[in-house]
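Close look at the chain arrangement
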Amino acid sequence: AAHLKTKITKGNPGERYSWKWRITMALYRQGFSPKDILDMYRLVDWLMMLPEDLNRQFTQNLIDYEEELKMPYISSAERYGREKGWNDGWEDGLNKGVLLEAREMVEEALSTRFQQIPVSILKAIRKEEDRQFLKQLLKKAILAVDITQFERALEERQ
């Protein structure tokens, strides 16, 4: 994506800034480990070079974003709901954010334990709407001997 958007935004630094931000934020939302985010961001940053003034602005916005993620008084689920503009009720936005966070936790546990997660498993996790079941999946992701054992637990649900 970064390569394609770099080619498309040649000569348009404002649009490139916008795409660089979207791609970078996608790294955070995909549930990658901090190390993986940093590694992929280095490539994005190298490909999507910005003029110095926009680069400073981008860097400051990224620092602000990461600081916001660390703030204890608002959960990441709440932040996510607000970022997504779920203003059909604070509680609905919070619930959507909580589900997203639960899914991301299951994915993070799996990627930490088994590195590669089959696409079929990712799809099943990402469409799951039951928070309690996601909590069970998190425990199974932590305790599973291998990815196949986790997959069987997931298939039992379906």
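Residues numbered from 1 in each chain as written. Predicted model: local features only at pLDDT ≥ 70, side-chain atom pairs only at ≥ 80, totals over all residues. Heavy atoms only, no water.

**Quick word on the side chain of T24**
With respect to the secondary-structure elements, T24 resides in helix α2 (residues 13-29). For T24, a relative accessible area of 1% puts it in the buried group. Of the polar contacts made by the side chain of T24, one reaches the backbone oxygen of K20; its length is 2.8 Å. Apart from residues lying up to four places away in sequence, T24 is in contact with Y41, V44, F58 and L62. (Helix = DSSP H or I, 4+ residues; strand = E, 2+ residues; numbered from the N terminus. Buried < 20%, exposed > 50% of the residue type's maximum accessible area, 1.4 Å probe, protein only. Polar contact = N/O pair within 3.5 Å; in protein donor to acceptor, adjacent residues only side chain to side chain. Contact = heavy atoms within 4.5 Å.)

**Topic: the confidence of the model for the protein chain**
When pLDDT is low, close inspection of the predicted coordinates is not appropriate. Across the protein chain, the average pLDDT comes to 82, with 84% of residues at 70 or higher. Taken element by element, the protein chain is modelled with least confidence in helix α5 (residues 76-83), mean pLDDT 59, and with most confidence in helix α1 (residues 2-8), mean pLDDT 91. (pLDDT = per-residue confidence, 0-100.)

**Some words on the nonpolar core**
In this structure, V106, L110, I121 and F150 are the most contacted members of the largest nonpolar core, which totals 20 residues. Among the elements of the structure, α6 (90-114), α7 (119-127), α8 (131-143) and α9 (147-157) are those that each provide at least two residues to this core. Per element, the largest residue contribution to this core is six residues, and it comes from α6. Apart from the residues lying within four places of it in its own chain, the contact partners of V106 are I125, L134, L137, L138, A141 and F150. Core analysis: the next-biggest nonpolar cluster, separate from the first, contains eleven residues, M25, I37, L50 and F58 among them. (Core = buried A, V, L, I, M, F, W, Y, C linked by side-chain atoms within 4.5 Å.)

**Regarding the packing of aromatic side chains**
Here the structure, examined in full by the defined rule, presents five aromatic pairs. Look at Y17 and F58: their rings are 5.5 Å apart centre to centre, the planes differ by 85°, and that puts the pair in the edge-to-face class. Placement of Y17 in helix α2 and of F58 in helix α4 (residues 52-70) is noted, with a sequence separation of 41 residues between them. As far as burial versus exposure is concerned, Y17 and F58 are alike and both buried. Between Y41 and F58, the aromatic rings sit 6.3 Å apart at their centres with planes inclined by 5°, giving stacked as the arrangement. One end of the pair, Y41, is in helix α3 (residues 34-47); the other, F58, is in helix α4, with 17 residues separating them in the sequence. For the pair Y41 and F58, one class covers both residues: buried. An aromatic cluster is built from Y17, W21, Y28, Y41, F58 and Y65, whose rings are joined through pairwise contacts. When the ring centre of F58 is taken as reference, the NZ or CZ atom of K20 above it lies at 4.8 Å. (Phe/Tyr/Trp six-rings, centres within 6.5 Å; stacked < 30°, edge-to-face > 60°. Lys NZ or Arg CZ within 6 Å of the ring centre and 35° of its normal.)

**Quick notes on α9**
Because an α-helix completes one turn every 3.6 residues, residues spaced three or four positions apart along the sequence face the same direction. Turning to α9, its buried residues are I147, F150, A153 and L154. For α9, the angular spread of the buried residues around the axis is 120°, confining them to a single face. Where α9 starts, the residue carrying a side-chain oxygen 3.2 Å from the main-chain nitrogen of T148 turns out to be D146. (Arc of directions from axis to C-beta.)

**Quick notes on the packing of α2 against α3**
At a minimum axis distance of 10 Å, the contact between α2 and α3 shows a crossing angle of 170°. One element, α2, and the other, α3, form an angle in the roughly antiparallel class. Across the interface between the two elements, K20, I23, T24, L27 and Y28 from α2 touch I37, M40, Y41, V44 and D45 from α3. Looking at the contact of α2 with α3 residue by residue, the class counts come to seven nonpolar, one polar and two charged. (Axes fitted to C-alpha atoms, helices over the stretch in contact; angles between N-to-C directions. Parallel < 35°, antiparallel > 145°, perpendicular 65-115°, else oblique. Nonpolar A, V, L, I, M, F, W, Y, C, P; charged D, E, K, R; others polar.)

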